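Single-letter residue listing:
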Amino acid sequence: MPERGHFHLRGLRRSSLTPRVRFAPSPTGYFHVGSARTSLFNWLYARQHGGTFVLRIEDTDAERGREEWLEGIITAMAWLGLEADEGPFRQSSFEPRHRELADKLYESGYLYACDCTRDAIDERTKDRKTPGYDGYCRDRGVARSATTGLRFRTPDAGETVVHDIIRGDVSFPHEAMEDFMAVKSSGAPLFPLANMIDDREMEISHVIRGEDLLPTAPKQILMWQALNEIDRDLPLPSYAHLPMLVNEQRKKLSKRKDPVAVESYRDKGYLPQAFVNYLALLGWAPKGDEEMLTLDQLVEQFELSDVNHAPAFFDIAKMTHINGEYIRAMDVDEFIAASQPWMEPLADAWAPADHEIPWTPEQFDEDKWRAIAPMVQERITMLSEIPAMVDFLFLENPRFDEAAVTKVLVNDADAERILEQAIAAFTDAEFQAEALHGLLTSLSESMDLKLRKTQAPIRVALTGSSVGPPLFESMVILGRDEVLRRLNAALVVARG
RNA sequence: GGUCCCAUCGUCUAGCGGCCUAGGACGCCUCCCUUUCAAGGAGGUAGCACGGGUUCAAAUCCCGUUGGGACUGCCA
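Attention here is on the structure that accompanies the text. Just so it is clear, the model here is predicted, and its values are computed rather than measured.

**Examining the nonpolar core**
Step number 1: Membership of the largest hydrophobic core comes to 111 residues, with the highest contact counts inside it found for Phe275, Leu304, Phe335, Trp369, Val390, Phe426 and Ile458.
Step number 2: With 8 residues, helix H1 (residues 33-48) is the largest single contributor of residues to this core.
Step number 3: Phe275 has contacts with Val33, Ala36, Trp79, Leu80, Val262, Tyr265 and Met319, leaving out every residue within four places of it along the chain.
Step number 4: Counting residues in each nonpolar core, the second largest holds 39 residues, with Tyr133, Val142, Trp224 and Leu234 among its members.

Given below as structure tokens:
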């Protein structure tokens, strides 16, 4: 069923309404979670309608665009599974066309030259109720020069209506619309113009972007219509403005204060499927009660017109929970493969940033890791948590948690006899989890202690921590000799 | 200040006039399971911002108020 907004495409010669959408990020050094969501929604829309997903990098800000950042965007999108059908195109490469059309708009009178400085405008308008450009140069006939920008002559009356697939019709009265700057004094168009020209040239049918761009939509529509008069006559795209992603203060996510880099979530060990799944749940919800959805299911169920209007809080706690679910849902081999970058990163493969591995490559033991992996899998929510949980298997000596040592080895009067008896019992025990379990259980009974009490000093002695994977399984993986050696070392500590 | 957007549990949301005694999920709390921690199981906590209409009937429609937010640059 065609949703609201599709009527714009009536009479269009574009082949049978197949949509062409685009994701147009500006390169800023990392991939923003908001961009990821916008990208995802565009991709989903294209996929479910058999359309085309175009990637266009808006790199016209000379100071900002850096070569390696393009790679960052593509890498992050590939990680999320959002490959573009066309592109990446660089907006900067279309600048000749931008200038050509800007000139045409100027020659046709849609744009006029303005030599006002910001200070002069502010000075003139400081006492007015309505700040913004006052139209000073509108009819002054200022000659275009290297110091004049070009402003768009907005209509005096009437209004421009943005037909938004998500929000319905949004009207902007021209009366309140200033003659905005469209072309820099350098002759290069500003974002609203350049962005719109590219959408025309690429015959984009649906502009799906953040709500922060809703106020620029009427400007772009006005200029689009102007170009329809003097250049090609092209149908307006449909618009869909996605609600903002906000922080706990309900403000737009800030690159300064909020953790917005997609790369950092990858580094922490969020799985792309989980990340995408969570992103899809921000501003949209599936029909049923099941919210764990694969990319394929999202393509099937996603509905752009059902997207919410209100801003959504980017809740890392919920995303982390979903990530844990995905981790537990993997089979062990998948889990081991996925965790490799955090365990034994390959020399020329991707490795997480800010991640320290406590053991050396020589100390790492693949067999031990495989043996304990299933138990680790159901205890973590992020892959980066793994090393701290298994390092005792690979290190010469466990990294001791001082608080735990003090509590269960030093300050606990029972620690000494528990360790002594455990050593005696384990020395010629069958080293198998069930057997060890039974052995310590009966040993506890003979000492009139709870098993939870007797396992504590042993756990700290072997792993350095009072929390961790199941103890008896860990003992088997560690082996009798090592278990006895560590218990004896702990006994020395317990005896003070 | 101006223009625009928005408003259901703390959070993400379902709900599109009667099925709502407002459903699910995260979080939080309790209990069960249990060798720690998790996981899992069973419960619980908590919401229609407010005020007017319209209607036999409103979380759902309309208006207003309040409260959030975005934009307001020769950045994109």
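**Here we look at the pattern of salt bridges**
Step number 1: A complete count under the given rule lists 34 salt bridges for this structure.
Step number 2: With its nearest N and O atoms 3.5 Å apart, the salt bridge here joins Asp306 to Lys287. One end of the pair, Asp306, is in the loop between helix H9 (295-301) and strand S12 (312-313); the other, Lys287, is in the loop between helix H8 (272-280) and H9, with 19 residues separating them in the sequence.
Step number 3: We note a salt bridge from Asp412 to Lys453, for which the minimum N-O separation is 2.8 Å. Separated by 41 residues along the polypeptide, Asp412 in the loop between helix H14 (402-410) and helix H15 (415-427) and Lys453 in helix H17 (residues 451-463) bring together distant segments of the chain.
Step number 4: Given the relative accessible area of 28%, Lys453 is considered partly exposed.

**Focus on helix H6 (residues 217-230)**
Step number 1: In this model, H6 (14 residues) spans 20 Å end to end at C-alpha, consistent with the 20 Å of a helix rising 1.5 Å per residue.
Step number 2: A large share of H6 lies buried, amounting to 10 of its 14 residues.
Step number 3: Buried residues of H6: Ala217, Pro218, Gln220, Ile221, Leu222, Met223, Trp224, Ala226, Leu227 and Asn228, and no others.

**Overview of the sheet that holds strand S5 (residues 149-152)**
Step number 1: With antiparallel pairing, the 3 strands of this open sheet are ordered in space as S4-S5-S8. Of all strands in the sheet, those with a lone pairing partner are strand S4 (111-114) and strand S8 (181-183), marking the two edges. Between one strand axis and the next, the sheet turns by 50 degrees as a mean value, whatever way the strands run.
Step number 2: This element, helix H3 (residues 95-107), spans S4, S5 and S8 of the sheet and lies at about 90 degrees to S4.

Rules behind the numbers
- Residues numbered from 1 in each chain as written.
- Chains lettered and ligands numbered in written order.
- Predicted model: local features only at pLDDT ≥ 70, side-chain atom pairs only at ≥ 80, totals over all residues.
- Heavy atoms only, no water.
- Core = buried A, V, L, I, M, F, W, Y, C linked by side-chain atoms within 4.5 Å.
- Buried < 20%, exposed > 50% of the residue type's maximum accessible area, 1.4 Å probe, protein only.
- Helix = DSSP H or I, 4+ residues; strand = E, 2+ residues; numbered from the N terminus.
- Contact = heavy atoms within 4.5 Å.
- Salt bridge = Lys/Arg side-chain N within 4 Å of Asp/Glu carboxyl O.
- Expected span 1.5 Å × (residues − 1).
- Pairing = 2+ DSSP bridges.
- Axes fitted to C-alpha atoms, helices over the stretch in contact; angles between N-to-C directions.

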